[in-house]
Amino acid sequence: MMPVESWLKPDEVPDLAARATAMIDAALTGSGLTRETYWSAVRKGYNTPYNDPPRKRPAPAQPNAVTPAAAQAEPADTVSVPAAVIATLAAEVRAV
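Residues numbered from 1 in each chain as written. Predicted model: local features only at pLDDT ≥ 70, side-chain atom pairs only at ≥ 80, totals over all residues. Heavy atoms only, no water.

Engineer: It is not clear to me how the overall build of the protein chain should be interpreted in this structure. Could you clarify?
Structural biologist: Broken down by element type, the protein chain carries four helices and zero strands. Ordering the α and β elements of the protein chain from the N terminus gives α-α-α-α. Scored against the burial criterion, the 96 residues of the protein chain give a buried share of 2%. When the accessible area of the protein chain is evaluated, it comes to approximately 9300 Å², of which 64% is carbon and sulfur surface. (Helix = DSSP H or I, 4+ residues; strand = E, 2+ residues; numbered from the N terminus. Buried < 20%, exposed > 50% of the residue type's maximum accessible area, 1.4 Å probe, protein only. Areas by Shrake-Rupley, 256 points an atom, 1.4 Å probe, with all protein chains shown as cover.)

Engineer: I'm lost on the packing of helix H1 (residues 13–28) against helix H2 (residues 35–47) in this one. Help?
Structural biologist: When two helices pack together, their arrangement is given by the angle between the helix axes and by the axis-to-axis distance. Running from N to C, H1 and H2 cross one another at 105°; their axes reach a closest spacing of 11 Å. As the angle between them shows, H1 and H2 are arranged roughly perpendicular. Taken together, the residues of H2 that come into contact with H1 (itself represented by Thr21, Ile24, Asp25 and Leu28) are Arg35, Tyr38 and Trp39. Taken together, the residues of the contact of H1 with H2 sort by class into four nonpolar, one polar and two charged. (Axes fitted to C-alpha atoms, helices over the stretch in contact; angles between N-to-C directions. Parallel < 35°, antiparallel > 145°, perpendicular 65-115°, else oblique. Contact = heavy atoms within 4.5 Å. Nonpolar A, V, L, I, M, F, W, Y, C, P; charged D, E, K, R; others polar.)

Remember that the coordinates give geometry; whether it matters functionally is a separate question.
Structure, rendered in structure tokens:
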């Protein structure tokens, strides 16, 4: 097996980079994607962890805790969204 340092010769790098750029441009042709959106997706995929972070445990309920009545009632202009809708939207955002 060849050591990593000898896989590429410095004089080959510009030609290989030009060929790779041409291949990416050819793949993007007709897809409606720009180079910026393509590389944005690559960066997002590279920086996204493979596993979801562990969920935080809720704080244990304190039996003597008193919440004000104003904090218990929802304001009239607040809309309650089911958890399933939120989960579906979050999954769509992660897929993009």
